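# Geometric and topological summary
Now for the letters of each chain:
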Amino acid sequence: MMSAQELVACLCREGEQHLALGEPALAILRARPGGADGRAHTKEAIAYLSLAIFAAGSQASDSLLARARCYGFLGQKKTAMFDFNAVLRAEPENVQALCGRALVHLALDQLQEAIDDILSALKLGPGTVVPELRSLKPEAQALITQGLYSRCRALLSQLLDTGAPLEDEDTQGLLAVGQALIKIDAGQLDWHLLLVDILMARGSYEEAGTHLEKALHPAPTSEAARARLGLLRLKKGDVPAAARDLQGLAEVDAPDLSCLLHLLEASERQSLAQAAAWEAGTLLDAGQPRRALGYCSLSVLAGGSSACHLRLRATCLAELQEFGRALRDLDHVLQETLGDSDLPRRAEDFCCQGRLLLSLGDEAAAAGAFVQALKLAPTLAQNSLRKQPEQRHPDAWTAAESGLLVDPDHRGLKRLKARIRREASEGCWLQ
């Protein structure tokens, strides 16, 4: 083995020979020796590399990279970080240095910084990054890939939320990540769906469809996958089929569905909302509120939470006895500003609100809702309270009594109470 003096003499005689001084370190990294001997050989390699770095001056990137990896092998993370940073100061787009620094960040529990470096490296040289990530231990690989997936999902959502057309440069980095994730682990369905969404965001619908069909062969395995098929069908003009495929995601993962809907034009969303509302109404008329609920939620999301779609879902939820959710939908409806011509509709909304509050046992709040309805449209409100579904006289009676507690002199409520007593006595329910 050469002494340090002999190495310096060689470097002085022939400057290019400094490149060969990194070979022992590279051999150690490839062999990954263990135990005390491995640590000793690694320290020896660091000595060779330090001399090579001294000899190379500003051309020391390869030796710095090798030494950084040696320090990493010894567990000297901060020293390794110093060498990686030195390389990146001279060469900000050095993919190997970005990958190496990312792994040091990961070892230091700095996951977000690690993801930043991997994202930058993937934009520059995915062919170099993928083998690096595939060589990691399963636990480390899972942290990196899941972090990349989550970051890309968030970035894609932010881009789509702006509503502005996306340029290729906006999604180029995302595309590199989506493709890399699949190369690392093609068995993850979420990776394939991310790539499909990125392709659709770029307007590459045919490519997205081709990839989706291959990934889902022979059939969709989740509501999320089926929803992507539905969106592609909508792009081809098949609105009913699209509504059928998309509605399953509405009650399972509304945020994911909302993100997909950002990929549609306003006219496409309107057509989808109308088709979903029509199908929901048909199923409700057929006495199938459980099947109708997904279509109701799809119409709400695609239609921008319009009052008519919220009322439809509130009706469906009430039939399913999900009174709290139904009440929240009606609360949104009642927050909208209406003109004088819509007062009868608003009165009916208050009556519905009152009935839901009664179902939840909040008689005081129900009374307030009924009184609001009576103020807006007395005759309509009285008829609505009297004509309960399936002639539910007890609810109507409670409504009238609750309203009188708030307004004891209300003539309409007094007449309603007397009429209910008369009709109910004929049915022998009131003792």
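Computed from a prediction, not measured in an experiment: that's the story for all the values here. (Residues numbered from 1 in each chain as written. Predicted model: local features only at pLDDT ≥ 70, side-chain atom pairs only at ≥ 80, totals over all residues. Heavy atoms only, no water.)

Bringing the confidence of the model for the chain into the picture now. Mean pLDDT over the chain stands at 81; residues scoring 70 or higher make up 74%. At the low end of the mean pLDDT range in the chain sits helix 1 (residues 4–13), at 37; at the high end sits helix 17 (residues 289–302), at 98. In the predicted structure, residues 1–19 sits below a pLDDT of 50 and forms 21 contacts with residues beyond four places in sequence or in another chain. Low pLDDT, under 50, characterises residues 389–393; the stretch is placed with 5 contacts to residues that sit more than four places away or in other chains. (pLDDT = per-residue confidence, 0-100. Helix = DSSP H or I, 4+ residues; strand = E, 2+ residues; numbered from the N terminus. Contact = heavy atoms within 4.5 Å.)

A few words now on the pattern of salt bridges. For the coordinates displayed, the defined rule picks out 16 salt bridges. A salt bridge links R153 to D197, with the nearest nitrogen and oxygen atoms 2.8 Å apart. Here the residue R153 occupies a position in helix 9 (residues 138–161), and D197 occupies one in helix 11 (residues 189–201), the gap between them amounting to 44 residues. Overall, the relative accessible area of 15% leaves R153 in the buried class. Notably, a salt bridge pairs R228 with D197, separated by 2.7 Å at the nearest N-O pair. Taken as a pair, R228 in helix 13 (residues 223–235) and D197 in helix 11 lie far apart in primary sequence, 31 residues in all. Using a relative accessible area of 1% as the deciding quantity, one classes R228 as buried. Residues joined in a network through salt bridges with shared partners are R153, D197, R228 and D256. (Salt bridge = Lys/Arg side-chain N within 4 Å of Asp/Glu carboxyl O. Buried < 20%, exposed > 50% of the residue type's maximum accessible area, 1.4 Å probe, protein only.)

Moving on, we come to the packing of helix 16 (residues 266–285) against helix 18 (residues 307–319). Between helix 16 and helix 18, the shortest axis-to-axis distance is 11 Å and the interhelical angle comes to 30°. With respect to each other, helix 16 and helix 18 are oriented roughly parallel. Along this stretch, helix 16 crosses helix 18, giving a crossing that reads as left-handed. In this structure, helix 16 uses A273, A277, A280 and L284 to contact helix 18, whose residues at the interface are H309, L312, C316 and E319. Here the contact of helix 16 with helix 18 is built from residues that sort into 6 nonpolar, 1 polar and 1 charged. (Axes fitted to C-alpha atoms, helices over the stretch in contact; angles between N-to-C directions. Parallel < 35°, antiparallel > 145°, perpendicular 65-115°, else oblique. Left-handed = near helix turned anticlockwise from the far one by under 90°. Nonpolar A, V, L, I, M, F, W, Y, C, P; charged D, E, K, R; others polar.)

What follows deals with unusual backbone geometry. Look at D109: it is not a glycine, yet its phi comes out positive at around 60°. Of note, D109 is situated in the loop between helix 6 (95–107) and helix 7 (111–124). Given the relative accessible area of 73%, D109 is considered exposed. In this model, Q321 sits at a positive phi of 65°, which is unusual for a non-glycine residue. You can see Q321 is positioned in the loop between helix 18 and helix 19 (323–334).

It is worth spelling out the nonpolar core at this point. Among the nonpolar cores identified, the biggest contains 108 residues, and I144, L148 and L272 are the most heavily contacted of them. Take this core: its biggest share by element is 9 residues, from helix 11. Here this core gathers at least three residues from each of two domains, domain 1 (236–336) and domain 2 (349–425). (Core = buried A, V, L, I, M, F, W, Y, C linked by side-chain atoms within 4.5 Å. Domains from an automatic or database assignment.)

Turning next to the state of the cysteines. Going through the model one piece at a time under the given rule, you end up with 0 disulfides. Looking at the unpaired C316, the closest cysteine sulfur is the one in C296, lying at 4.2 Å. (Disulfide = S-S within 2.5 Å.)

Inspection of the secondary structure assignment puts L380 in helix 22 (residues 378–386). Excluding residues within four positions of it along the chain, L380 makes contact with P344, A347 and E348.

With 13 residues, helix 18 extends 18 Å between its outermost C-alpha atoms, agreeing within 8% with the 18 Å of an ideal straight helix rising 1.5 Å per residue. Where the residues of helix 18 are buried, they touch helix 16, helix 17, helix 19 and helix 20 (343–359). At the exit of helix 18 stands Q321, carrying a positive phi of roughly 65°. (Expected span 1.5 Å × (residues − 1).)

Quick look at helix 5 (residues 77–90) now. Helix length check: helix 5 (14 residues) gives 20 Å between terminal C-alpha atoms against 20 Å at 1.5 Å per residue, within 8%. Taken together, the buried positions of helix 5 are A80, M81, D83, F84, A86, V87 and L88. Buried positions along helix 5 lie against helix 4 (61–73) and helix 6.

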